[in-house]
Each structure stands twice: as C-alpha cells, then as structure tokens.
Amino acid sequence: LLAASNLEWSGQQRFAVVITDAPCHGKDYSTCAHDVFCDRRNGLTCTGRPELPLRTLRDQGVKVFIFHTGEAHAVSMCEKLQES
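Remember, it's a predicted structure, so these values are computed and weren't measured experimentally. (Residues numbered from 1 in each chain as written. Predicted model: local features only at pLDDT ≥ 70, side-chain atom pairs only at ≥ 80, totals over all residues. Heavy atoms only, no water.)

Engineer: I'd like to hear about the side chain of Ser 5, residue by residue, with values.
Structural biologist: Mapped onto the secondary structure, Ser 5 falls in helix α1 (residues 2-5). For Ser 5, a relative accessible area of 8% translates into the label buried. (Helix = DSSP H or I, 4+ residues; strand = E, 2+ residues; numbered from the N terminus. Buried < 20%, exposed > 50% of the residue type's maximum accessible area, 1.4 Å probe, protein only.)

Engineer: Pulling in residues and values, what's your account of the nonpolar core?
Structural biologist: Ala 16, Tyr 29, Leu 54, Leu 57, Val 62, Val 64, Ile 66, Ala 74, Met 77, Cys 78 and Leu 81 together form the largest nonpolar core, which totals 11 residues. Counting residues per element, the ones that place at least two in this core are α2 (51-59), β2 (63-68) and α3 (72-83). The dominant element in this core, judged by the number of residues it contributes, is α3, at 4 residues. Beyond its immediate stretch of four places on either side in the chain, Ala 74 contacts Ala 22, Pro 23 and His 68. (Core = buried A, V, L, I, M, F, W, Y, C linked by side-chain atoms within 4.5 Å. Contact = heavy atoms within 4.5 Å.)

Right, dumping it as structure tokens:
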C-alpha cells in the first residue's frame, strides 16, 4: 500500500486490488495475540498504519478493493480498513 500510494496515478480508471491471507501486523488489525513483527509499545510495524496510504490512494481517485482468503483473523482487519 505504501508503494502504491507513492505512484503517479494518471489513468482515467484507477484501482488497486489487495489480496491477503492474514491481517496486518499490529494489535489494531487482528484478534490474534501480539506478533513479533510489531513494536509492543505502540503495536505498529515499521511501515506504520495502513490507513494512511489507503487515504492517500483514495485522495488520488484510486478505488481500493480489499479481499482476504477467509482467514478469520483477517476479517476484523478488513472491516477496519474499509472504515478508513
């Protein structure tokens, strides 16, 4: 998402498809116990919050579709990202 949000989107039809089999790292995006890839103090990974590049993409007129493969822990993440 971060890389996509830094692209120069110039086409008339702009969309990005995100397909995931697991939630984002961090306590805000999963019902899983804490994972080793995020900072225990703030619950974030080195790339920060995915909501920020999502907003950037949407501000650039990019329609973002987020799908998951059915992993139960990814459902709460998808719901949270759809709200942003």
